[in-house]
Protein chains: 2
Amino acid sequence: MAEGKTTASARQPAGPRRADAQRNIDKILTAGLKLYSSRPGVSVAEVAQAAGVGRVTLYGHFPSRTELAKALMTRAFEETEAAWASVETDGPADEALDRLLREQWYLMERNRNLRDNVVGDLSPQWLRQRHDPILRRVEELISRGREDGAFRADLPLSWMVTALYSLVHAAADEISEGRLTADEAPGVLSASLQSMYRP
Amino acid sequence: MAEGKTTASARQPAGPRRADAQRNIDKILTAGLKLYSSRPGVSVAEVAQAAGVGRVTLYGHFPSRTELAKALMTRAFEETEAAWASVETDGPADEALDRLLREQWYLMERNRNLRDNVVGDLSPQWLRQRHDPILRRVEELISRGREDGAFRADLPLSWMVTALYSLVHAAADEISEGRLTADEAPGVLSASLQSMYRP
DNA sequence: CTTAACTCGAACATTAATGTACGAGTTACA
DNA sequence: TGTAACTCGTACATTAATGTTCGAGTTAAG
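Residues numbered from 1 in each chain as written. Chains lettered and ligands numbered in written order. Predicted model: local features only at pLDDT ≥ 70, side-chain atom pairs only at ≥ 80, totals over all residues.

Colleague: Give a detailed account of the overall build of chain A, specifying residues and quantitative values.
Modeller: Each helix and strand in chain A was counted, giving nine helices and zero strands. Listed N to C, the secondary structure of chain A is α-α-α-α-α-α-α-α-α in terms of helices and strands. Residue burial in chain A is summarised as follows: out of 199 residues, 31% are buried. Put simply, of all contacts in chain A between residues at least 6 apart along the chain, 67% involve residues at least 24 apart. (Helix = DSSP H or I, 4+ residues; strand = E, 2+ residues; numbered from the N terminus. Buried ≥ 20, exposed ≤ 12 C-beta atoms within 10 Å, placed from the backbone. Contact = placed C-beta atoms within 7 Å.)

This is the structure in structure tokens:
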């Protein structure tokens, strides 16, 4: 996080930000990520309040709701990218999938919700271009499993990826409805997908 | 978000509506169902326009956005109830499930979307009380399959129901993204679920 | 210490949605 | 055919969100 991937805004002198400004940007992104990935219809004012920052201050850093959304997506991408590095994805595809699900299913879920809740603020082009990077990695993993026989190949690859995300989302729903515990979720998820993917 | 605003109700004499009124109510519900189940954030004005009816006319029949949402859910329930009657659900559970998916997956999908898109307008109590009736029927079907050994019993029943709806939703997404055709969908869906449900 | 960067509340303009009120015209139906 | 029910455009009140402007105070950093 050394690099300041700043959202190019017209108002700022484009120079390096002062320490307190950077701190506030951080608080805004953190609070925004939490809010946006938890429910739809979040307002800019809510994000500012949750970040403990004035609304005007927020607008000082993110000129519009859209720019804020872009920054949130960008940060989520970065975090996901970093997290992926901690998962061992070599070895048999089915085992790698199991590890991935157990260690990162909540991150996948957060990203999916975030995406759902900013899809009205961002153009489809923008979203498609910065397509959730882990989604592509998941695709590669499944593809590898199909080639070496660990996974079935009679279903479309894209469908298998979509189904995975869909079930991750479903698991999160079950948890929030109290019909599943956070402990059980990874196991249920993994068991369901392994059965579905098996040739 | 609390309700409690007593809108000027009792505009209706509660008697039988005139033929043209009933016709408009119908147009409104039909258009509303289509809109609400296709995307979020639908406005009352949009529904009125899509129905080819004045906005004021709509308010004459449905005093508030909330009442409109209730009416839409109610109609969807009725249609679902009627459609269920046309599916043969006796016999082996796995075969019945296959028939159900092939004949009614789009209706399940519509209801799911509708539910998602009115979930901010109706109280959780109301929604829970008029719980999608076919969802319970699906639950019964799966439950029967578990008892006679057609389906696995090592996963929570509620999870199996949720997963089904989740995948139906995913299939619809795939179609709208152009990665799956409407012809392929039922087969893919059925194959995925049968694998996942098999003991 | 000095200053430029930053914060932040209050106020304002704009846009969009909801719901109400009025009144003139149209349509069903006894 | 008479009339109550119905339609519908216009206009208005209200609420909420977005984004900007102003100015006075605070803080980081050279």
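The discussion continues.
Colleague: So what's going on with the protein's contact with DNA strand D? Residues and values would help.
Modeller: Among the 22 residues in the neighbourhood of DNA strand D, the closest are listed as A:Ala19, A:Ser43, A:Arg65, B:Asn24 and B:Gly54. Broken down by secondary-structure element, the contributors of at least two residues to the surface near DNA strand D are helix H1 (19-36), helix H2 (44-51) and helix H3 (55-61) of chain A together with helix H1 (19-36) and helix H3 (55-61) of chain B. (Near = placed C-beta within 6 Å.)

Colleague: Quick rundown of the nonpolar core? Include the residues and the values.
Modeller: A:Ala171 and B:Ala171 are the most contacted members of the largest nonpolar core, which has 58 residues in total. Among the elements of the structure, helix H5 (93-118), helix H7 (133-147), helix H8 (157-176) and helix H9 (184-197) of chain A together with helix H5 (93-118), helix H7 (133-147), helix H8 (157-176) and helix H9 (184-197) of chain B are those that each provide at least two residues to this core. Setting aside its immediate chain neighbours within four residues, A:Ala171 contacts A:Trp105, A:Leu180, A:Ala185, A:Val188 and A:Leu189. (Core = buried A, V, L, I, M, F, W, Y, C linked by C-beta atoms within 7 Å.)

Colleague: Tell me what's going on with the interface of chain A and chain B, and back it up with residues and numbers.
Modeller: On the chain B side, the residues contacting the 20 residues of chain A number 20 residues. The element that contributes the greatest number of residues to the side of chain A that touches chain B is H8(A), accounting for 10 residues. For the side of chain A that touches chain B, a count of residues per class yields 10 nonpolar, six polar and four charged. (Nonpolar A, V, L, I, M, F, W, Y, C, P; charged D, E, K, R; others polar.)

Colleague: Mind laying out the domain arrangement of chain A, listing which residues take part and the relevant values?
Modeller: Residue and element names in this part refer to chain A. When its domains are assigned, chain A resolves into domain 1 (7-63) and domain 2 (69-197). When each unit is reduced to the centre of its C-alpha atoms, the spacing between domain 1 and domain 2 is 27 Å. Contacts between the two partners involve 10 residues from domain 1, matched on the other side by 10 residues from domain 2. Grouping the amino acids of the side of domain 1 that touches domain 2 by side-chain chemistry returns six nonpolar, four polar and no charged. (Domains from an automatic or database assignment.)

Colleague: Account for the relation of the copies chain A and chain B, with residues named and values stated.
Modeller: Both copies of the chain are related by a screw-like operation: a rotation about an axis and a shift along it. The transform that puts chain A on chain B rotates by 180 degrees and translates by 0.0 Å along the axis, for an RMSD of 0.1 Å. Given the turn and translation reported, the copies of this chain are related as if by a two-fold rotation axis. Using C-alpha coordinates, one finds that chain A approaches the rotation axis most closely at A:Met196, a distance of 2.4 Å. (Least-squares fit on C-alpha atoms with pLDDT ≥ 70 in both.)

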